[in-house]
Amino acid sequence: MTLIVLAAWAVTFLALNVILSARVWRMRDLPTWRRRLPAVLLCAALAAGLTRATGITAIAAAVAFPLNVATLVVALGEIRRHRRAAETGIPNVRTQ
């Protein structure tokens, strides 16, 4: 039963990351690198997670989950910044 709950949590977390990455990808007022950063982090996390299938579990254990969390944090930050810019009328582009 515990493995089923853990698998359901992992699938939900992955789906949330994919949805948020897609939302950031569609924000045309952001620079290209900021639009693509959550998707790149998510792809790196998936690649690190797939190393578990080849028997290299150390990379998956050390890198995959932190990259997934970074994807979530970056995507939520961009979405919140975009909403705040829409409310205040200030452009959502920072050069630095």
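Described in the following lines is the structure provided in the data block.

About the cut-offs
- Residues numbered from 1 in each chain as written.
- Predicted model: local features only at pLDDT ≥ 70, side-chain atom pairs only at ≥ 80, totals over all residues.
- Heavy atoms only, no water.
- Salt bridge = Lys/Arg side-chain N within 4 Å of Asp/Glu carboxyl O.
- Helix = DSSP H or I, 4+ residues; strand = E, 2+ residues; numbered from the N terminus.
- Buried < 20%, exposed > 50% of the residue type's maximum accessible area, 1.4 Å probe, protein only.
- Patch = residues over 30% accessible without salt bridge, like charges linked within 9 Å, V, L, I, M, F, W, Y side chains within 5 Å.
- Areas by Shrake-Rupley, 256 points an atom, 1.4 Å probe, with all protein chains shown as cover.
- Lys, Arg positive; Asp, Glu negative; His and termini not counted.
- Charge placed at Lys NZ, Arg CZ, Asp CG, Glu CD.
- Axes fitted to C-alpha atoms, helices over the stretch in contact; angles between N-to-C directions.
- Parallel < 35°, antiparallel > 145°, perpendicular 65-115°, else oblique.
- Left-handed = near helix turned anticlockwise from the far one by under 90°.
- Contact = heavy atoms within 4.5 Å.
- 1 Å grid on protein atoms, 1.4 Å probe; cavity = no way out; pocket = protein on both sides within 12 Å on 5 of 7 lines; lining within 4 Å.
- Points joined across faces, edges and corners; volume = space filled by probe spheres on them.
- Nonpolar A, V, L, I, M, F, W, Y, C, P; charged D, E, K, R; others polar.
- Expected span 1.5 Å × (residues − 1).
- Bend = angle between axes of the 7 residues up to and from the residue.

1. Some remarks on the pattern of salt bridges
Per the stated rule, a full pass over the model turns up two salt bridges. Close ionic contact of Glu78 with Arg81 constitutes a salt bridge, the shortest N to O distance being 3.3 Å. Separated by three residues within a single helix, Glu78 and Arg81 lie in helix H3 (residues 57-88), roughly one turn from each other. Overall, Glu78 belongs to the buried group, its relative accessible area being 7%. One connected set of salt bridges, linked through shared partners, spans Arg34, Glu78 and Arg81.

2. Things to note about a positive patch on the surface
Together, Arg23, Arg26, Arg80 and Arg83 give the surface a local cluster of positive charge. Residue position: Arg23 is located in helix H1 (residues 2-25). On the accessibility criterion, Arg23 (34% relative accessible area) is partly exposed.

3. Brief notes about the packing of H1 against H3
Helix packing for two helices is described by the angle between their axes and how far apart those axes are. Relative to each other, H1 and H3 sit at 40°, their axes nearing to 9 Å. With respect to H3, the axis of H1 lies oblique. Crossing hand, H1 versus H3: left-handed. Only Phe65, Asn68, Val69, Thr71, Leu72, Ala75, Leu76, Glu78, Ile79 and Arg83 of H3 make contact with H1, whose side of the interface consists of Trp9, Phe13, Leu16, Asn17, Leu20, Ser21, Arg23 and Val24.

4. What to know about the layout of surface pockets
Of the pockets and cavities examined, the largest pocket occupies roughly 380 Å³. Along the wall of the largest pocket there are 15 residues; nearest its centre are Ala10, Arg52, Ala64, Phe65 and Asn68. Counting only elements with at least two residues in the lining of the largest pocket, the list comes to H1, helix H2 (32-50) and H3. The element best represented in the lining of the largest pocket is H1, accounting for six residues. Across the lining of the largest pocket, the residue classes break down as 12 nonpolar, two polar and one charged.

5. Quick word on H2
Over its 19 residues, H2 runs 27 Å from end to end, which matches the ideal 27 Å to within 8%, given 1.5 Å per residue. Most pronounced at Pro38, the bend in H2 amounts to some 30°. Among the residues making up H2, those that are buried are Arg34, Arg35, Pro38, Ala39, Leu41, Leu42, Ala45 and Ala48. Those residues of H2 that are buried are in contact with H1 and H3.

6. Considering the side chain of Thr51
Looking at the secondary structure, you find Thr51 in the loop between H2 and H3. Classification of Thr51 as buried rests on a relative accessible area of 18%. Ignoring any residue separated from it by four or fewer positions in sequence, one finds Thr51 in contact with Ile56, Ile59 and Ala60.

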